[in-house]
Each structure stands twice: as C-alpha cells, then as structure tokens.
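Given next are the chains, with one letter for each unit.
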Amino acid sequence: PRTRTAPAATDRGTVFRRLDVEPAVSEVPAHWKLVDQSPLCTRLVNTHGVSVTTVEHVMAALSGCGIRNAIIEVTGPEIPILDGSSAQFVRGILARGIRVQDAPLKVLRVLKPVEVVRGDARASLTPHETLAIEFSIEFDDAAIGAQRKVLDMSNGSFVRELCSARTFCRQSDVDNMRANGFAVGGASGVNAVGFDGERVLSPGGLRQPDEPVRHKMLD
C-alpha cells in the first residue's frame, strides 16, 4: 500500500481515508473508541467495518511533530511498515512543512493517577507539567535484557530520540508474525530488528544500544 498525508481542517483530528473502497465508507477516524483489540499492531475499524491496520508508527510521527489535524490516505488496509520506525514519516512531514491553524488546541489534562494492569504489564498516567515518558522492559534474550529510559517529550525529543527506533522481535516472534503476514523482514532487518538469545540478527546491528525500549516508547 501507498500512504499520503495531507492537511485537515481545524478540529478534524487525524482521519485515515482508504482509497481502495467506496468514498462513502472510506474514512476511519483515529479515535480510541474505534480501536479493535488485535495482536502485534494497532487496528482501527469504522462503523461500516472498514479497517486500517498498523497505524501506530505514522500516528507517533504526527504526534511527535505536533500535528493534530491530518488526513492520511492509504491505498490498502495496512499502513506500510517501511523500516519499522517512524523516521521516514517524520522526514516527509518535516520536508513538506506544517500548517499553523488559527484555532486553540484542545487537550486533555491528567488530574489524578490512572493505572491499567494486565498480567506482568503495567501502564499509568500521572499528572505532570509537561509530557514525560518513563518506560521499562525486560526480556529473557540477553541481547535485549532489562532496559529503562526517561524522556521529557518537549522541544523535539521525539524527532531526536525516538523516531528512528525500529520494531523488534525475537526469532520465535518473527516466525509467528510471518505466519500471520506481519513484519516479514524481521530476521533480515528490512522492517524489524530480530533477536535470538545473545545475537542481534539484523545486518548492521542496533541504531542505539537501547533501541528496543525506545521503540516501545515510540509505540
């Protein structure tokens, strides 16, 4: 599939537009209510059953570049994975420029802690003066191990620190994703970094020593 991002009207938000379906049912707003629980990626489904899959990297690029209103046109049901990061989307956005709109920005402010726990995983929101992310991961594979990073996301931190971090997976994950049509280049480094125990399978190795935790922050 091919993807093109274009400006949107004030307060439109981010909307995916499928060019391969009828125009009347083609728009899929990037809204949390439309998220379909799916493994390995983020999938949005509109009220007509039209879906867009693997939206997280382009959504991260838009958010990291401060864009709140955009139309994303795509010629198929899945956003291209590219190299497994947001870097190409970010470069395209910065090369084309950003249109400043004459309207106040509507935001949500976290007033009290919110926490979600599923098994060994935990995510929480805590009141803070700026957007800051603290992320920790731990894997049995020695090449990943335990990693932790804290970033203040103001002043272009996403572009400098996170946008180039790629999707990663273990060899067993690669085999499973290939069977399901996802991240088929994982072991070769085309669109994901592959790990197998102490080994980094992708040619050229890692872009940063802590690339895995950076990508989880990007997601």
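In what follows, the structure referred to is the one given above.
All values derive from a computational prediction rather than experimental measurement.

### Quick word on the overall build of the chain
- Helix and strand counts for the chain stand at five helices and 14 strands.
- Overall, the chain is about 50 × 40 × 35 Å in size when its C-alpha atoms are taken along their principal axes.
- The buried share of the chain, reckoned over its 219 residues, is 37%.
- A separation threshold of at least 6 residues defines the contact pool for the chain, and within that pool the share at least 24 residues apart is 61%.

### Remarks on the pattern of salt bridges
- Evaluation of the coordinates by the stated rule reveals 16 salt bridges.
- With a closest N to O distance of 3.1 Å, Arg 122 and Glu 115 form a salt bridge.
- According to the relative accessible area criterion, Arg 122 is exposed, its value standing at 58%.
- A salt bridge links Glu 134 to Arg 148; the shortest N-O distance between them is 3.0 Å. Of the two residues, Glu 134 sits in strand 10 (residues 132-138) while Arg 148 sits in strand 11 (residues 146-152), which places them 14 residues apart along the sequence.
- Assessed through its relative accessible area of 54%, Glu 134 is described here as exposed.
- Here Arg 148 falls in the exposed class, since its relative accessible area comes to 55%.
- One network of salt bridges, in which partners are shared, links Arg 12, Arg 17, Glu 27 and Glu 73.

### Quick word on helix 2 (residues 87-96)
- Taken as a whole, helix 2 has its buried residues at Ala 87, Phe 89, Val 90 and Ile 93. Take helix 2 and look down its axis: the buried residues cluster within an arc of 160°, on one side only. Among the exposed residues of helix 2, those pointing more than 90 degrees away from its buried face are Arg 91, Ala 95 and Arg 96.
- If you follow the buried residues of helix 2, they end up packed against helix 1 (56-64) and helix 3 (157-162).
- Trailing helix 2 by a residue or two, Gly 97 shows a phi angle of about 95°, which is positive.

### A word on the side chain of Arg 18
- By the element assignment, Arg 18 lies in strand 2 (residues 14-18).
- In this structure Arg 18 comes out as buried when scored by relative accessible area, which is 9%.
- Within polar-contact distance, the side chain of Arg 18 engages the side chain of Asp 20 at 2.7 Å.
- There is a polar contact of 3.2 Å between the side chain of Arg 18 and the backbone oxygen of Gly 76.

### Some details on helix 5 (residues 211-218)
- The buried count for helix 5 comes to seven of eight residues, which makes it a mostly enclosed element.
- If you check which residues of helix 5 are buried, you get Glu 211, Pro 212, Val 213, Arg 214, His 215, Met 217 and Leu 218.
- Considering only its buried residues, helix 5 is in contact with helix 1, strand 10, strand 11, helix 3, strand 12 (168-170) and strand 13 (193-196).

### Let's talk about the packing of aromatic side chains
- Taken as a whole and assessed by the stated rule, the structure comprises two aromatic pairs.
- Aromatic pair Phe 139 and Phe 168: ring centres 5.5 Å apart, planes at 80°, arrangement edge-to-face. Taken together, the residues Phe 139 in the loop between strand 10 and strand 11 and Phe 168 in strand 12 connect sequence positions 29 residues apart.
- Take Phe 139: its relative accessible area is 23%, and that puts it in the partly exposed class.
- On the accessibility criterion, Phe 168 (12% relative accessible area) is buried.
- Look at Phe 168 and Phe 195: their rings are 6.1 Å apart centre to centre, the planes differ by 80°, and that puts the pair in the edge-to-face class. Here Phe 168, found in strand 12, pairs with Phe 195, found in strand 13; they are 27 residues apart in sequence, far enough to count as distant. Of the two residues, Phe 168 and Phe 195, neither departs from the other in class, the shared state being buried.
- Taken together through their ring pairs, the aromatic side chains of Phe 139, Phe 168 and Phe 195 make up a single cluster.

Analysis parameters
Residues numbered from 1 in each chain as written. Predicted model: local features only at pLDDT ≥ 70, side-chain atom pairs only at ≥ 80, totals over all residues. Heavy atoms only, no water. Helix = DSSP H or I, 4+ residues; strand = E, 2+ residues; numbered from the N terminus. Buried < 20%, exposed > 50% of the residue type's maximum accessible area, 1.4 Å probe, protein only. Contact = heavy atoms within 4.5 Å. Salt bridge = Lys/Arg side-chain N within 4 Å of Asp/Glu carboxyl O. Arc of directions from axis to C-beta. Polar contact = N/O pair within 3.5 Å; in protein donor to acceptor, adjacent residues only side chain to side chain. Phe/Tyr/Trp six-rings, centres within 6.5 Å; stacked < 30°, edge-to-face > 60°.

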